[in-house]
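The residues making up each chain are set out below.
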Amino acid sequence: MKKRKTWLFIVFVMASMAVQAQTSRAELLAHPELASSNYCNYPNPSGHVTPPPAGYEPFYITHYGRHGARYMTDDDVYKNLFNKLDSAHSMGLLTPTGEETLQKMRIVNEDANKRYGDLTQLGARQHRAIAHRMVTNYPSLMTKPLKVKANSSTVRRCMLSMANCCLELLTMNPLLDIEMNASEHDMYYLTPNDSIAIPKSKRDGELYDILSDFKHRMLNGKRLMTLLFNDTTKAKKLVDPHILADNLWEVNADLLCLPELQLSFNDVLTDDEIIDGFRAYNASWCLWEGLMPGAQPNYYAIYPLLRNFIDEARQMVNSGKEGVRLRFGHDSVLLPFAYIMGVEEAIHATDDMENLHNSFALYRLIPMAGNVQWVFFRKQGGGDVLVKFLMNENETSIPIQTDSFPFYHWTDVERYYSEMLENANITYKSNDNEKQ
């Protein structure tokens, strides 16, 4: 027993060191497309699928996925950047580089007109690819005449992501019985549940002040002002340098979702500016969702999703049946969900915003089409049930001891998460009728 505990300890330490030793800045210099933060396109998974112990077969996959690549969720950024550059053009304030940037923004702005938040063609392909790999990675389950239950947020891009995923599954296995829904009835766990009372934090205000200073330093726009405008004094009366840098970084990141446009502003933004923008949004998301030490724990609003996972998995395990459960939503759910699950990639946040990117990186967690999957295995005739956890289709660890990593005993998993939900002491706001 002592040797087993020692081996488990070594495994956990090595896994923790592996993640913390990765330096995002070095990775981003080699792969600058990853610096687009939550706009990052879905990275190809490792492809490694550890076979289960002898005699075990998959019988249930339960999943939560973010929608695929999309247009920005608000067209104000497109319009603001275009209008400011267009006004500067009318005033004769643009440099030749500024004029080229304006012409690109004209194309981008027109293409995005009335499409804000919409799923792109790439977003549809991402979900079809994920579904395809689900079948090829677990053929003994996914080629059977299974019941597939899928539901999504009522937002269009999520519904279309669900449709593309399910269409690919059905294409690969016409025997599937697929039920798709998108209803307000399920929004209490598919999106942040705003009926839950979030505990307050004394440091929250202080952390937001630090974040504001950090973002203004990372996205200061000083060099861009001299690059795009021939008279920075006059231009500053029209354009705020920080907002200019912020808008340009966001539009450039989102252009990765639209490869058919064949446009980018990588010739305007330097590598350092792209990476600094990533660092700014990396810290922002970490604080917004309450993952940063001392922050208000906004992840409480995601506990209903964990309860849904546990309750439905328990029902499936006890039924002895086989099936697939799919849910489609948003990054504002997937990120805190990974955190409360204790997924290795999500638990190393720090309030040191300067160095946060070395231990916590959004592109490992919430790229476009990012997802969490729990894959369940059992022996024929019943008995012990094992479950494997995937973060963006890559095997990952959670803070529970196991003697067969990456597989965990369902009894341990169920107990751990049930105790977590009980100890959270979740309360609801008064007079709220949505305490589901």
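To be clear, the structure that these remarks concern was listed above.
Residues numbered from 1 in each chain as written. Predicted model: local features only at pLDDT ≥ 70, side-chain atom pairs only at ≥ 80, totals over all residues. Heavy atoms only, no water.

## With respect to the side chain of Thr95
Next up, step 1: Looking at the element boundaries, Thr95 is found in the loop between α3 (76-90) and α4 (96-112).
Next up, step 2: Contacts of Thr95, omitting those with residues within four sequence positions, involve Thr226, Leu227, Leu228, Phe229 and Asn230. (Helix = DSSP H or I, 4+ residues; strand = E, 2+ residues; numbered from the N terminus. Contact = heavy atoms within 4.5 Å.)

## So, the pattern of salt bridges
Next up, step 1: For the structure on display, the rule yields 24 salt bridges.
Next up, step 2: Among the ionic pairs, Arg128 bridges to Glu168, the shortest N-O distance being 3.0 Å. One end of the pair, Arg128, is in helix α5 (residues 121-137); the other, Glu168, is in helix α7 (residues 156-172), with 40 residues separating them in the sequence.
Next up, step 3: Lys147 is the partner of Glu179 in a salt bridge, and the nearest nitrogen-oxygen pair spans 3.2 Å. Of this pair, Glu179 sits in strand β3 (residues 177-181) while Lys147 sits in strand β2 (residues 147-152), placing them 32 residues apart in sequence. (Salt bridge = Lys/Arg side-chain N within 4 Å of Asp/Glu carboxyl O.)

## Structural notes on the packing of aromatic side chains
Next up, step 1: In the structure shown here, the tally under the stated rule is 20 aromatic pairs.
Next up, step 2: Seen from their ring centres, Tyr60 and Phe376 are 5.4 Å apart, and the 50 degrees between their planes marks the pair as tilted. Taken together, the residues span a long stretch of sequence, with Tyr60 in strand β1 (residues 56-66) and Phe376 in strand β5 (residues 371-379) at a distance of 316 residues.
Next up, step 3: Looking at Tyr60, the relative accessible area reads 2%, which means it is buried.
Next up, step 4: On the basis of relative accessible area, Phe376 is assigned to the buried category, the value being 0%.
Next up, step 5: Centroid distance Phe309 to Phe337: 4.9 Å. Interplanar angle 50 degrees. Geometry classified as tilted. Within this pair, whereas Phe309 is found in helix α14 (residues 303-319), its partner Phe337 is found in helix α15 (residues 331-341), the two being separated by 28 residues in sequence.
Next up, step 6: Overall, the relative accessible area of 0% leaves Phe309 in the buried class.
Next up, step 7: Aromatic ring contacts, followed pair by pair, group Phe309, Phe337, Trp374, Phe389, Phe405, Tyr408, Tyr416 and Tyr417 into a single cluster.
Next up, step 8: One cation-aromatic arrangement involves Lys215 over Tyr281; the distance from NZ or CZ to the ring centre is 4.7 Å. (Phe/Tyr/Trp six-rings, centres within 6.5 Å; stacked < 30°, edge-to-face > 60°. Buried < 20%, exposed > 50% of the residue type's maximum accessible area, 1.4 Å probe, protein only. Lys NZ or Arg CZ within 6 Å of the ring centre and 35° of its normal.)

## Overview of the pairing of β3
Consecutive residues of a regular strand have side chains that alternate between opposite faces of the sheet.
Next up, step 1: Two elements, β2 and β3, share 5 bridges in a ladder whose sense is parallel. Residue pairing for β3: Ala150 is matched across the bridge by Met180.
Next up, step 2: Since β2 and β3 lie parallel, the crossover through α7 that links them has a hand, and here it is right-handed. (Pairing = 2+ DSSP bridges. Right-handed = clockwise from strand over helix to strand, strands pointing away.)

By themselves, these are just geometric observations and shouldn't be taken as functional.
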